[in-house]
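# Per-entry structural report
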Amino acid sequence: MAQKNIQPYMQRTLSADRPFSTRQFFFQWEWLLAAILIGVIALNTSLSPYFLNINSLRDATMVFLDKAFIVFPMAFIMIMRDIDISVGSTVALSSVVMATVYNSLGASMEMAVVTCLLVGAICGLVNGLLIVKFKELSAVIITLATMILYRGIAYIILEDQASGNFPEWFGFFGWGYIYGIPFILILFVIVAFLFGLLLHKTTFGRHIYAIGHNDVASKFSGVNVDRVKVIVFTLAGLMSAVTAVFLASRMGSTRPNIASMYELDVIAMAALGGISTAGGKGRLIGTVIAILIVGYLQYGLGLINIPSQTLLIVVGALLLFAVIVPKLNLSRFKK
Amino acid sequence: MSEYVLELKGITKRFPGVTALNNVHFKLKKGEIHALMGENGAGKSTFIKVITGVHSPNEGEIFLDGKPVTFTNPIEAQDVGIAAIYQHVTNYPDLSVTENIFIGHEKVHPKTKRLLWREMYQEAKSILAQLGSSIDPKREMGTLSVAQQQIIEIAKAISTNARIIIMDEPTAALTARESEELYRIAEGLRDQGTSIIFISHRFEDMYRLASQVTVFRDANYIGSWGVNEITNDQLIVAMVGREITQVFPHKKHPIGEEVLRVERLGKTGYFADISFSLRRGEILGLTGLVGAGRTEMCETLFGITNYDTGSVYLKEEKLQIRHPKDAMKKGIGYLSEDRQKQGLILQWGIGRNITLPALERFSKRGWLNERNEGQLAKQLAEKVHVKAKSVFDLASSLSGGNQQKVAVAKLLTADLDVIILDEPTKGVDIGAKSAIYEIIQDLAAQGYGIIMVSSEMPEVIGMSDRIAVMKEGRITKMLERDEFSQEAILAAAMSETPDKTKAG
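Residues numbered from 1 in each chain as written. Chains lettered and ligands numbered in written order. Predicted model: local features only at pLDDT ≥ 70, side-chain atom pairs only at ≥ 80, totals over all residues. Heavy atoms only, no water.

### Here we look at a nonpolar patch on the surface
Residues and elements named next belong to chain A. A cluster of nonpolar side chains, namely Leu118, Ile122, Val126, Leu130, Phe134 and Leu137, defines an oily patch on the protein surface of about 490 Å² accessible area. Note that Leu137 resides in the loop between helix H6 (109-133) and helix H7 (139-158). Note on Leu137: relative accessible area 42%, which makes it partly exposed. (Patch = residues over 30% accessible without salt bridge, like charges linked within 9 Å, V, L, I, M, F, W, Y side chains within 5 Å. Areas by Shrake-Rupley, 256 points an atom, 1.4 Å probe, with all protein chains shown as cover. Salt bridge = Lys/Arg side-chain N within 4 Å of Asp/Glu carboxyl O. Helix = DSSP H or I, 4+ residues; strand = E, 2+ residues; numbered from the N terminus. Buried < 20%, exposed > 50% of the residue type's maximum accessible area, 1.4 Å probe, protein only.)

Right, dumping it as structure tokens:
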């Protein structure tokens, strides 16, 4: 394409350098979240002398990190403008299957854990397949149906009973330490890092954002939208099963009604972390901070004997704050 | 009483960083159709928004019937009889025609506030009759054709007692015959004393309808002429600011061996028995009326949907295409008609848009390399002359023509043999159009086989090496270059069967 005199515009060069603006750098949601996290820790410290202690900060994670594993795939799903409200039921079903395989079928505990992960992944796979097959139905409705279905199967398997008696080593998931650091915390850091890489540094992650903004244009650009969706929903099922393992380990038993309302906590954490339900927006680091905010809030309020109902108010207010504030900012800067 | 129903003097509108309108003037007489022309980005849209009260100007005055007015919101403009009909019809597809016409200004009982459906229905019917249309006001909006929906929009404007109607590219999505229907309606309104501001990229619209034409360029007022006082060439100079000597740069480029062969392709309900072959360096024009099955056929070649019968050979290899990804891997690329919805991710920068189809090319086993990505994007964006500062500029900030260039750049990331362009210059201003023609010719010269779907007759004739005309899902005529003429194409596109799709 040589220069022609009828070319309407001058030959232009484009910059390939990422523009940097100090204002944009500081007006990031994650800074605000970090400030809230520090605020939560400070508040807790002033209320309870036991709180600000590196050991207690570290050990508290054992209590609240189990559901955090689902937040990452849920963030992926929300970036794709979908939702999965069946994750709590998936946790229940996979843990119930695990307990049953171990206690009633006489399999080894290792085998039972593998089965648990498999069941979780299958639950997610089913969600994903239904969602790409029936595009005219919203993900809310499909996963609402499977949410009821999975929970129902869990009740049929175990009726309304608890099942436990796991071998002693199984307690390691929930209560074990490696070099003085809780095992769950180590795994959480690793999983967060892997999901972060997947979302921000790979073609797969780029495709997730593309789908969230415009799934039609993504398809026209050669993105296999259906495949990406099925994989992400399957990941959500798998991570729900991981949560099931840690939860069953920490509690020493499971029952069909565990992990109820987990889906709401998980979605709330993702939204607080800056993942927009409008699709295409949000970063994983935000969800990590949001998980810690909600977790420490819960833990701190527990230490000073504030009933857990109060926590609901605080988390609800925080979430409302999280979804409203970006809107306020936006309209102010437009003028 | 002033001679002009609407007069704008010295209007300036500034947005942070840009002056969208700089001291522009406009005068509209009663019962006049006044064309407003200019390239995309010339300030036409902002101008309309000033007239309709969406934006208030920073400077300047607006006179209505000689009296100064200010609009602080669109409702005030509507109250004095100004209505606008936009290019992309905005309506409620699940509501009835009547509901669509009266939405926002429903007739209600003065005391009980009950909705007066019967009265609204009657009035809708009479307005439509006045427009010479027989659309049933009880029909669902979504079941109407685009042309019919356009008529409903006009009916809606009339129902607000509009004296001044602004039509923003109303013919962009219409076929020649549907446009003719619209012209007739516009003329009818004019004869009843309504003033119309008509915005269009089509010269034929202007010559056919308008008596006066005003041109904006780069936010400035260039001039206002009687349509008979100005030649086509002078008008182009006024709009573009320079002479475009040759709109269609038909270059001699060697035509090579066959690259694509389609045999008896069919999809029930859409098209049947489509056979043609395409050679390297060849531009095959594909034309016909809207709804003739052109887009549907091309979409099956690209794997958006699948064909039922027939076969496709690329370089003598029989293709099994289930997904656009397969098509692109094999060597077929598609530029869709709707670049806003299907072509680009508007919230993303230019660079990310360009590289989306080819992430593998600069990534290793799935890991992105953003430095390579930026370089590739920069290279391709420059190759098609995208007018922007940086590859991080958002796609939504570009004009239609530049967006289209970005969409073309996306195709260049893959290793393609065949490029299908569906209405590549739709909604693009004349300067950018000729740039896109250059790019297409250049691609042909590089040895791509090109299928160009277009409804614009001069474009098809000016650009193609051969023209396939489709009608009701079949290719009715394949024209060689020496047989090209508007008459031949029209004859093939419309041929024997009587017209069933007449609007209204």
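Continuing now.
### Comments concerning the packing of helix H5 (residues 87-103) of chain A against H7(A)
All names here are of chain A. Across the interface, H5 lies against H7 with an axial gap of 8 Å and an inter-helix angle of 25°. Taken together, the axis directions place H5 and H7 in an arrangement best described as roughly parallel. The hand of the H5/H7 crossing is left-handed. Across the interface between the two elements, Gly88, Ser89, Thr90, Ala92, Leu93, Val96, Val97 and Thr100 of H5 pack against Met147, Tyr150, Arg151, Ile153, Ala154, Ile157 and Leu158 of H7. A per-class count over the contact of H5 with H7 returns ten nonpolar, four polar and one charged. (Axes fitted to C-alpha atoms, helices over the stretch in contact; angles between N-to-C directions. Parallel < 35°, antiparallel > 145°, perpendicular 65-115°, else oblique. Left-handed = near helix turned anticlockwise from the far one by under 90°. Contact = heavy atoms within 4.5 Å. Nonpolar A, V, L, I, M, F, W, Y, C, P; charged D, E, K, R; others polar.)

### Section: the interface of chain B and chain A
A common way to express how large an interface is: the accessible area buried when the components associate. Taken residue by residue, the interface counts 56 residues in chain B and 36 residues in chain A. Summing both partners gives a buried area of about 4300 Å² for chain B against chain A, and 59% of it is carried by carbon and sulfur. Its largest share of buried area at the contact with chain A, chain B owes to His385(B), Phe392(B) and Glu438(B), together 14% of the area lost on that side. Viewed at the interface, chain A and chain B are joined by one salt bridge. (Buried area = accessible area lost by both parts, 1.4 Å probe.)

### Here's the deal with the packing of aromatic side chains
Residues and elements named next belong to chain A. On inspection of all chains with the given rule, the structure shows 18 aromatic pairs over all chains. Measuring from ring centre to ring centre gives 5.8 Å for Phe72 and Phe188, while their planes differ by 35°; the resulting arrangement is tilted. Of the two residues, Phe72 sits in helix H4 (residues 68-79) while Phe188 sits in helix H9 (residues 183-201), which places them 116 residues apart along the sequence. Each member of the pair, Phe72 as well as Phe188, carries the same accessibility label: buried. Among the aromatic side chains, those forming a connected cluster through ring pairs are Phe69, Tyr102, Phe166, Trp169, Phe170, Phe172, Phe173, Phe183 and Phe246. (Phe/Tyr/Trp six-rings, centres within 6.5 Å; stacked < 30°, edge-to-face > 60°.)

### Side note on unusual backbone geometry
With a phi angle near 65°, Arg81(A) is a residue other than glycine that sits in the positive phi range. Counting through the fold element by element, Arg81(A) comes out in the loop between H4 and H5. For Arg81(A), a relative accessible area of 41% gives the class partly exposed. A positive phi angle is found at Asp273(B), which is not glycine, with a value near 55°. Turning to its location among the elements, Asp273(B) is positioned in strand E12 (residues 271-279).

### Comments concerning the sheet that holds strand E14 (residues 309-314) of chain B
Residue and element names in this part refer to chain B. Across the sheet, which stays open at both edges, the four strands sit in the order E12-E11-E14-E15 with antiparallel pairing between neighbours. In this open sheet, the two strands that pair with only one neighbour each are E12 and strand E15 (317-318). Bridging between strand E11 (residues 258-267) and E12 involves six bridges; their strand directions are antiparallel. Bridging from a neighbouring strand, Arg261 pairs with Ser277 of E12. (Pairing = 2+ DSSP bridges.)

### Digging into the pattern of salt bridges
Residues and elements named next belong to chain B. Evaluation of the coordinates by the stated rule reveals 30 salt bridges over all chains. Where Glu316 meets Arg261, a salt bridge forms, and the shortest distance between an N and an O atom there is 3.3 Å. Of the two residues, Glu316 sits in the loop between E14 and E15 while Arg261 sits in strand E11, which places them 55 residues apart along the sequence. Judged by its relative accessible area of 56%, Glu316 is exposed. Across the pair Lys471 and Glu472 runs a salt bridge whose closest N-O atoms are separated by 3.6 Å. Residue Lys471 is classed as buried on the basis of its relative accessible area of 12%. Within the structure, one salt-bridge network assembled from shared partners comprises Glu257, Arg280, Lys315 and Asp417.

### Some points on the environment of Met62(A)
Residues and elements named next belong to chain A. Tracing the backbone shows Met62 in helix H3 (residues 54-64). Sequence spacing of Met62 and Leu185 is 123 residues, and the spatial spacing of their C-alpha atoms is 7.0 Å. Residues in contact with Met62, not counting those within four places in the same chain, are Gly174, Trp175, Gly176, Tyr177, Pro182, Ile184 and Arg250.

### Some details on the domain arrangement of chain B
Partitioning chain B into structural domains gives domain 1 (4-240), domain 2 (255-331 + 416-431 + 448-504) and domain 3 (340-414). Computed over C-alpha atoms only, the centres of domain 1 of chain B and domain 3 of chain B are separated by 35 Å. (Domains from an automatic or database assignment.)

### Describing the confidence of the model for chain A
Residue and element names in this part refer to chain A. When pLDDT is averaged along chain A, the result is 87; 93% of the residues meet or exceed 70. Note on residues 1-10: pLDDT under 50 across the span, and 22 contacts to partners over four residues away in sequence or across chains. Counting contacts from residues 331-335, a segment whose pLDDT is below 50, to residues more than four positions away or on other chains yields two contacts. (pLDDT = per-residue confidence, 0-100.)

### Some words on the pairing of strand E13 (residues 283-288) of chain B
Residues and elements named next belong to chain B. Most of E13 sits inside the fold, with six of its six residues counted as buried. Burial along E13 is two-sided: the face carrying Ile283, Gly285 and Thr287 and the face carrying Leu284, Leu286 and Gly288 are both buried. Inspection of the sheet shows E13 paired to strand E19 (residues 466-471) by five bridges, in the parallel sense. Bridge pairing links Gly288 to Met470 in E19.

### What about the packing of helix H10 (residues 203-213) of chain A against helix H12 (residues 225-251) of chain A?
Between two packed helices, the angle of one axis relative to the other and the distance separating the axes together describe the packing. Residues and elements named next belong to chain A. Two numbers describe how H10 lies on H12: the axes approach to 10 Å, and their chain directions differ by 105°. Accordingly, the angle class assigned to the pair H10 and H12 is roughly perpendicular. Taken together, the residues of H12 that come into contact with H10 (itself represented by Phe204, His207, Ile208 and Ile211) are Val225, Val228, Lys229, Ile231 and Val232. Taken together, the residues that form the contact of H10 with H12 break down as seven nonpolar, one polar and one charged.

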